[in-house]
Amino acid sequence: MGRLRQKGKAGAAKAYITRTAAIRKLQCSLADFRRLCILKGIFPREPKNRKRANKGSSAPTSFYYAKDIAYLAHEPVLKRLREHKAFAKKLSRALGRGEWSSAKSLEENKPVYRLDHIIKERYPTFVDAVRDIDDALCMAFLFASLPSNSRLPPELIENCARLAAEWQLFVMHSKCLRKVFLSIKGVYYQAEIMDQHVTWLVPYQFTQNVPSDVDVRVMLTFLELYQTLLGFVFFKLYTDAGLVYPPPIDVSKYESGAGVGAFSLQDASKGASAGLQKTKLVEIDGRKISGRDVRQTIKSIATLEDRDMDVDMDKPGADVVDEEEEFIPHPSHSKVDSMVGLPTLKSLSSAPQSSATLFSSYTIFLSREVSRSVFEFIIRSFGGRVGWPGSSGSGSPFDETDETITHVIIDRPVAQKNETVEEQERRHRRKYVQPQWIVDCINAGKILLEEHYTQGKSLPPHLSPFGENQGAYDPTANPVGLAEISGSEDEGISEDEEAEIGQDKNSIQAAMQAAASVQDPAALRAAELAAEVAGMEYGAFEKEVAKFSKKTKTAKGGDDDNAEKDMNKMMMSNRQRKTYEKVKFSQNKRETERTNLEDKRKALERQKTRKKGKEKDT
């Protein structure tokens, strides 16, 4: 007879645990439990049968794996949180009694926890950490743009701004930026580091406010973990690139609004050579001897003593003869030129890339209304020289009167003003383009013509380079029927004539469709006569009839396909049918949106061509 299974002791009831039971088991508060779950990456689970997992109860609750909660019970952070709870009680008691000396000593010995071991546990390899820094970068850039208040201390905002600047410095140095997209939310960037695509979002530089309905405590817990993660990743990236981390900052430049320019990159080899020069040297008999020479000499003496001991341990009477082997050179069968060492991060970053030097031959000046932080980062990441006026901050390498400026990024309408001869010559030498030209050149991987982006012109559509919405509306492609509309209206036809022609075409098409569907010779002859009266050629008429006949055949075939799809849906399970219906619903919704946008575009094109025709008539 097998073992009897007790209710609630096996299966889902043992594998899952409710949040209330987990808090009771860990003996911590709900806020500390949330913090632990965020730091350790533990999230609620959905059991297959909630009633069995909750031991027969159907009350709504959150479930966790029992193994995850047992894993949390041995976490050092939990121990520190308990110590901090006891510390808070002792401190409040000392302050209430007026024991200032004991309160000061308690404050000096305040328990603090570290998250280094959690980063090592969650990210065993460096590639795993690089793959997971997207959210960390988005959070760091978000908090760097927020104002400080009682919930957000200024030290936190400053630390996030420093991390954001360090990341931008490394991307500019390694030339690893690949895609940029200007959206309503902000600017999307994508960089390629160690064959991993890192995408992050940077908000625009507007005045931000923290909404009252947002739980900042949860976001601060995530930010605490992300700051530690970014510190680990940045140290590894800077060290592999041969740079000093953290990069030194010029406080005067930073306070004057230099931004990223206040940080400077230093080569780590220079610091190492400077450290070697500080080694102590001793001069003996006119010869300088360092500590390294002394250690090598001691090591050589120790090896000689070991050899003498080996000789004494040999058998007596055995003559030890040291025979030197002759070195016979053998020719190598492999080509030395073809042998390539393992690539490192420094060699990969220094390898020549076509898009990394896109703006290397251009000197670009940013106008005062252009976002300097965005376009300085973009242009410098692709090898270009960039300058800005003094109103945008200090640290510009050149001013507006520099003769080497090739492009001026300007985002304001054309204004007529009296210019001097020197300013007119300068304007003729330079090209004034709108900011979208920079981003479109990066996404296209080449320098585009400046004619479509000049000052005051309507810009071409700015599309996302990430290619996530395939099959959606593409404003660069001509929709069906747009060429015929523009061609017919360019000939200067009035609206009444256009309406009459449209009615004739509709009547002819209806006749041809009826003839093709019924396949009646008399109806086909009537449609041919109507087309001849309207001025349609016989060859074009035959093509239209063939097209309508093909449409009717496909419609009949479509009915058969629909019947077959209905039969297939009957063979599906409920879960598969619901999934299939969701997929079809999303496809139909996307197709409806695309057709609506194409219809709107056709209407706008008609309005434009009519305005052009009226202007020509006047």
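Preceding block: the structure.
Here goes a summary of the coordinates provided. (Residues numbered from 1 in each chain as written. Predicted model: local features only at pLDDT ≥ 70, side-chain atom pairs only at ≥ 80, totals over all residues. Heavy atoms only, no water.)

## Examining the nonpolar core
One broad rule of soluble globular proteins: the nonpolar side chains tend to lie buried together. Formed by 92 residues in total, the largest nonpolar core has its most connected members in F33, W167, Y189, W200, F359 and I438. The leading source of residues in this core is helix α11 (residues 154–174), at 11 residues. The contacts of F359, once residues within four sequence positions are left out, are I364, I379, F382, G383, G384, R385, W437, I438, C441, I442 and I447. Of all hydrophobic cores here, the second largest spans 6 residues; its members include F398, I405, I410 and Y432. (Core = buried A, V, L, I, M, F, W, Y, C linked by side-chain atoms within 4.5 Å. Buried < 20%, exposed > 50% of the residue type's maximum accessible area, 1.4 Å probe, protein only. Helix = DSSP H or I, 4+ residues; strand = E, 2+ residues; numbered from the N terminus. Contact = heavy atoms within 4.5 Å.)

## So, helix α12 (residues 216–240)
Here α12 contains 25 residues, and its C-alpha end-to-end distance of 35 Å stays within 8% of the 36 Å for a straight helix at 1.5 Å per residue. Among the residues trailing α12, G242 stands out with phi positive, at a value near 80°. (Expected span 1.5 Å × (residues − 1).)

## Focus: the sheet that holds strand β10 (residues 407–409)
Taken in spatial order, the 4 strands make up an open sheet running β9-β8-β10-β11, and their pairing is parallel. The open sheet terminates on both sides in strands that have one partner only, identified here as β9 (385–387) and β11 (431–433). Taken pair by pair, the neighbouring strands of this sheet meet at an average axis angle of 25°, ignoring direction. (Pairing = 2+ DSSP bridges. Axes fitted to C-alpha atoms, helices over the stretch in contact; angles between N-to-C directions.)

## Structural notes on the packing of aromatic side chains
Counted under the stated rule, the structure contains 16 aromatic pairs. Geometrically, the ring pair formed by W167 and W200 is edge-to-face, given 5.4 Å between the ring centres and 85° between the ring planes. With W167 in helix α11 and W200 in strand β5 (residues 196–203), the pair connects residues that are 33 residues apart, well separated along the chain. Accessibility assignment for this pair places W167 and W200 in one class, buried. One aromatic cluster is present, built from ring pairs that chain together W167, Y189, W200, F234 and F377. Sitting above the plane of the W388 ring, R372 keeps its charged end 4.1 Å from the centroid. (Phe/Tyr/Trp six-rings, centres within 6.5 Å; stacked < 30°, edge-to-face > 60°. Lys NZ or Arg CZ within 6 Å of the ring centre and 35° of its normal.)

## Focus on the packing of helix α3 (residues 30–40) against helix α6 (residues 76–97)
Where α3 contacts α6, the two axes come as close as 11 Å, and the packing angle between them is 155°. It follows from the interaxial angle that α3 and α6 lie roughly antiparallel. Here the hand of the crossing between α3 and α6 comes out right-handed. On α6, the residues that touch D32, R35, L36 and L39 of α3 are V77, L78 and L81. Residue composition of the contact of α3 with α6, grouped by class: 5 nonpolar, no polar and 2 charged. (Parallel < 35°, antiparallel > 145°, perpendicular 65-115°, else oblique. Left-handed = near helix turned anticlockwise from the far one by under 90°. Nonpolar A, V, L, I, M, F, W, Y, C, P; charged D, E, K, R; others polar.)

## Some details on the environment of F382
Mapping F382 onto the fold places it in the loop between α17 (372–381) and β9. For F382 and K175, which are 207 residues apart along the polypeptide, the C-alpha to C-alpha distance reads 6.2 Å. If near-sequence neighbours (up to four positions away) are discounted, F382 is found in contact with K175, L177, S355, A356, T357, L358, F359, S360 and I442.

## Topic: the pattern of salt bridges
Under the counting rule described, the total for this entry stands at 18 salt bridges. For R429, the salt bridge identified is with E403, shortest N-O distance 2.5 Å. With a gap of 26 residues between them, R429 in helix α18 (residues 421–429) and E403 in the loop between β9 and β10 connect regions that are remote in the sequence. Classification of R429 by relative accessible area gives partly exposed; the value is 47%. We note a salt bridge from E450 to K431, for which the minimum N-O separation is 3.5 Å. Here E450 is found in the loop between α19 (436–444) and α20 (482–489), whereas its partner K431 is found in strand β11, with 19 residues between them in sequence. (Salt bridge = Lys/Arg side-chain N within 4 Å of Asp/Glu carboxyl O.)

## Notes on the side chain of D440
Relative to the helices and strands, D440 is located in helix α19. Buried within the structure, D440 lacks any salt-bridge partner; K446 is the closest side chain of opposite charge, at an N-O distance of 12 Å. Among the polar contacts made by the side chain of D440, one reaches the side chain of Y453 at a distance of 2.8 Å. Here D440 is in contact with L448, Y453 and H462, once residues within four sequence places are set aside. (Lys, Arg positive; Asp, Glu negative; His and termini not counted. Polar contact = N/O pair within 3.5 Å; in protein donor to acceptor, adjacent residues only side chain to side chain.)

## Digging into the pairing of strand β8 (residues 363–366)
Of the two faces of β8, the one holding T363 and F365 and the one holding I364 and L366 are both buried throughout. Relative to β9, β8 runs parallel, the two being bridged by 3 bridges. Of the residues in β9, the one forming a bridge with F365 is G387. For the crossover from β8 across α17 to β9, the handedness is right-handed. Judged from the 3 bridges that link them, β8 and β10 form a sheet pairing that is parallel. Note that in β10 the partner of F365 across the bridge is V408. (Right-handed = clockwise from strand over helix to strand, strands pointing away.)

## Let's talk about the environment of S269
Positionally, S269 belongs in helix α14 (residues 268–277). Note on S269: relative accessible area 43%, which makes it partly exposed. In sequence terms S269 and V244 are 25 residues apart; their C-alpha atoms lie 8.9 Å from each other.

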